[in-house]
Amino acid sequence: MNFFRGVISGQAAGPQPSGAETIQKLCDRVASSTLLEDRRDAVRALKSLSKKYRMEVGTQAMDHLINILQTDRSDSEILGYALDTLYNVICNDEEEEQDESEDAVAPLPVSGKHKNVSVPDENAQKQADDLGLQFTDTFVQDPEHVTLLLTLLEEFDFHVRWPGVKLLTALLKNQGPQIQGIILVSPMGVSRLMDLLADSREVIRNDGLLLLQQLTKSNAAIQKIVAFENAFERLLDIITEEGSSDGGIVVEDCLLLLLNLLKNNSSNQNFFKEGSYIQRMKPWFEVGDDNSGWSAQKVTNLHLMLQLVRVMVSPVNSPGATASCQKSMFQCGLLQQLCTILMATGVPADILTETINTVSEVIRGSQVNQDYFASVNAPSNPPRPAIVVLLMSMVNERQPFVLRCAVLYCFQCFLYKNQKGQGEIVATLLPSTIDANSISAGQLLCGGLFSADSLSNWCAAVALAHALQDNLTQKEQLLRVQLATSLGKPPVSLLQQCTNILSQGDKIVRRGSKVQTRVGLLMLLCTWISNCPIAVTHFLHNQENVPFLTAQISENLGEDERLVQGLCALLLGICIYYNDNSLENYTKEKLKQLIEKRIGKENFVEKLCFITKHELYSRAAQKPQPVFPSPEQMLFDHEFTKLVKELEGVITKAVHKSSEEEKKEEEVKKTLEQHDNIVTQYKELIREQDAQLQELKEQVACMTSQNEQLQATITQQQSQILQHKDQYNILKLKLAKENQGQSNSQGDGSQVNGLQTEELTQLREEVEELRKQHSLLQTQLGDKDALISSLKSGAAQTAEGPAGGSDDTELLQELEALRSQVQSQSTEIGQLKMERQDLLRRAEVGCSDTLPSSDSSLDAAKMAELESRLGAQTSEMERLKAEVKNLSESRAELEKRLDSTTSTVAILQTEKEKLQTDVQESKKEQDDLLMLLADQDQKITNLKRRLKQLGETVEDEDDLDTRDQTDDDDEEDEDED
């Protein structure tokens, strides 16, 4: 222990060992010590020496440290020391980090904040980088080491998790692709790292952001996994919590991670859009009125936020995805917010430049967004369109170069696939729409086109060329533009003025590149007259243009002028290819002969190839945005490179073709045109027939619907006719029955109305049913009477018993009460019979009343009388129904009473059985008594005999019999009474 303390405290006792020897001893102690405390002290000592003796510690101790990570998982302190030591060995950063104290908890460091140190020289830095790469290779030789590190990141202990995050970040910096592959195949590897964003300790969360930045670099698979682990939601929440654009370095780290996830990853971009995360970007760009005092961090954050918007609508994305994102940005108000920043005051120049680029790509190719941008006005007095304000900055040579490039890009995106916008720009140049009191876009473009600044000339020429791109109508309209050069001279056309300036060349003193103005004008002229024979004729009509072009092409100029020669060759080739031979002196054939005599066909093609061989041509062809390191290199436009690629081959063929081939081609073209005309005629005929067929189909559909309606009407009318027929038949039947009733007054009068007869029949059936029920009740009552009679006889027999006197009296009383109830029920039944007879009599009277008493004539009065009688019959029938209902209720009441009587009879039956039982018992007692009496008689007889023998006087048995007979007679008299 004293040895370790001496190493840590730096106290020397005797000769000091060298660093390598000390590290070797510490490694031996780590490998051989059995006490955890000894191993912990040795690892802590290695950590303190790992920065100064990086090579020795990395070479000798790495295997021992990895073994510590595998075996001493239970002790978080030794794990933290081991991870810190590995980080110091592998990390290539020369910045110092604050070490942790052994006896006190160190304050949590803020991610990205380190002490300032001197920058090492290049050789030392290169050696350090090589050393870190070497140790990284050693560590990742076994992929299980990386998997072990991922497992340690699940530990919540700060002293384990934080060093583990830093170590994995350093490994990714040194060997990114290899570490990414290991993490990608590790189960739940990316998910473990995503959990770092949910850590409540900010230092771990912030370093986790740096780790995920390194993890997601140039790996689409990991980017998708991270995105689907809800990374967008978490990162946007962190940005909001940290204050959005006003936040600190953490917001910058989140934005950098978002850029890694979205850039060149169409799957994540679609997921971002479908998750409605574009709408959450709008609050980032809410800038107040006071824009002074922007911090450097806010500028950085807002710059990254604008880049994030541009990633979603980049021209390199698929057109469908870009259009969908542009639509979402307009609907959620993001484009409006960006335009507000665009027109705000006090915004830093680099933010304003990036905002212009962002707005450019948001509106590029989207008609709705372009129309909105055209309606935006600057907050000036009087208000001016935003396009005019931006063009003023573009042609102002005092504005920064990057800002002017951004404005040009914005104007190009505004006109991209926007024929409406192209027409509005060209219209500002036409004489009928020029307003002398206001500055228009056309005036600014013409001013820039003819200014003394070569960069303004180039920008204005390219902007005007975009107003003519793929728009034949505007190319012809621009030929009408007239310019007033000076007082007293007639106006000249815009086309003539461009060629005049082009021919003057270096005679005009300009600021900037010498060839930039001529390159811009030549690109404008090539775009203008391509695919426009009328413009070619106007250009050739000036007798000086063709000699100027041939002179430029045939001369042997320097390297700087080669591009001008190539563009002149392209312009002359366009005049040949799109020539309609309307000018006799400059037909296709004569121009080719001129090239052959003055220039030579091979030389002409060689000069034409100077354009595509230029070093700046390929750079401009890569992407639409004009990005140039300096104004002098601003020579080519992206859309113009497409035009060159399209025309170079056809112009070369057109120049090499002979007159005979031309004639053959003309004949073939004429034949093709004829065929095209025939095909066009047939197409027109087919269109007309299709239109007629469609019209006939519509007529058929209309007639079909009308037919269906008529069929429905016919069906309805047929049903009505059938109803009327049924009503007629009913009336006819009524009349027939009425006539029959007149002939037979005693007939079935109830059949005047079928409905009435049915109701009366039903009523009679109900009465008959009541009769049957009454008979049944009478039968049941008879049975009950017979039962009661039998009970009476049984009760009379039991009355002879010695012990049943009082009970028999009570039973008789109950029987009398039951008889009275039966009598009352019989009375009610008699009343029901009388009501039934009355009901039958009334029904017969009602039926007889329905018979008519008048003659057979069918007049209206008779029908009215019949209807009134029928109504009376109906009311009477309703009354009878009510009486029948009352009878039914009475019948139910009788049934209830009958049930009560039945229960009373059951009770009496029980009492009867009880009395019978008592009678049996009495008989047994009587038998016993008779036996006793017989014994007594025997004894008495014996006693009498003995008394007689003794001489006593004893009564005879005859006297006793006589006495008994007398007693019996008395009892019979009592029973009779």
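Structure: see above.
First things first, this report covers the structure right here in the doc.

The rules behind these values
Residues numbered from 1 in each chain as written. Predicted model: local features only at pLDDT ≥ 70, side-chain atom pairs only at ≥ 80, totals over all residues. Heavy atoms only, no water. Helix = DSSP H or I, 4+ residues; strand = E, 2+ residues; numbered from the N terminus. Buried < 20%, exposed > 50% of the residue type's maximum accessible area, 1.4 Å probe, protein only. Contact = heavy atoms within 4.5 Å. Areas by Shrake-Rupley, 256 points an atom, 1.4 Å probe, with all protein chains shown as cover. Expected span 1.5 Å × (residues − 1). Salt bridge = Lys/Arg side-chain N within 4 Å of Asp/Glu carboxyl O. Core = buried A, V, L, I, M, F, W, Y, C linked by side-chain atoms within 4.5 Å. 1 Å grid on protein atoms, 1.4 Å probe; cavity = no way out; pocket = protein on both sides within 12 Å on 5 of 7 lines; lining within 4 Å. Points joined across faces, edges and corners; volume = space filled by probe spheres on them. Nonpolar A, V, L, I, M, F, W, Y, C, P; charged D, E, K, R; others polar.

So, the overall build of the protein
A tally of regular secondary structure across the protein gives 40 helices and four strands. With 977 residues in all, the protein has 42% of them scored as buried. The contacts of the protein with a sequence gap of at least 6 include a subset with a gap of at least 24, amounting to 72%. Summing over all exposed atoms, the protein offers an accessible surface of approximately 53,000 Å²; the carbon and sulfur share of this is 50%.

Quick notes on helix H16 (residues 319-331)
The end-to-end C-alpha separation of H16 is 18 Å, in line with the 18 Å expected for 13 residues at 1.5 Å each. Residues of H16 that are buried make contact with helix H14 (266-274), helix H15 (296-312), helix H17 (334-343), helix H18 (349-363) and helix H19 (367-375). Backbone geometry just downstream of H16 places Gly333 in the positive-phi region, at approximately 90°.

Notes on the pattern of salt bridges
Per the stated rule, a full pass over the model turns up 21 salt bridges. Taking the shortest distance from any N to any O, the salt bridge between Lys47 and Asp84 comes out at 3.4 Å. Of the two residues, Lys47 is situated in helix H3 (residues 36-49) and Asp84 in helix H5 (residues 76-90); the sequence distance between them amounts to 37 residues. Pair check on accessibility: Lys47 and Asp84 agree, each one buried. A salt bridge links Arg280 to Glu233; the shortest N-O distance between them is 3.1 Å. Note that Arg280 is positioned in the loop between H14 and H15 and Glu233 in helix H12 (residues 220-241), a separation of 47 residues in sequence. Using a relative accessible area of 27% as the deciding quantity, one classes Arg280 as partly exposed. What makes Glu233 partly exposed here is its relative accessible area of 27%. Residues joined in a network through salt bridges with shared partners are Arg40, Asp75 and Glu77.

Considerations on the nonpolar core
By size, the foremost hydrophobic cluster in this structure holds 211 residues, and its most contacted members are Leu168, Leu193, Trp284, Phe285, Phe373, Trp528 and Leu570. When residues no more than four places from it in sequence are discounted, the contact partners of Leu193 are Leu150, Leu153, Leu168, Ile183, Leu211, Leu212 and Leu215.

Quick word on the layout of surface pockets
Approximately 480 Å³ is the volume attributed to the second largest pocket. Forming the boundary of the second largest pocket are 18 residues, of which Lys263, Arg310, Val311, Ser314 and Glu361 lie nearest the centre. Where the lining of the second largest pocket is concerned, the elements lending two or more residues are helix H13 (249-262), H15 and H18. Ranked by the residues each element gives to the lining of the second largest pocket, the list is headed by H15, at three residues. Looking at side-chain class alone, the lining of the second largest pocket contains six nonpolar, seven polar and five charged residues.

Quick word on unusual backbone geometry
Unusually for a residue other than glycine, Asn264 sits at a positive phi of about 60°. The exposure class assigned to Asn264 is exposed, which follows from its relative accessible area of 66%. Although it is not a glycine, Ser276 adopts a positive phi angle of roughly 60°. Counting through the fold element by element, Ser276 comes out in the loop between H14 and H15.

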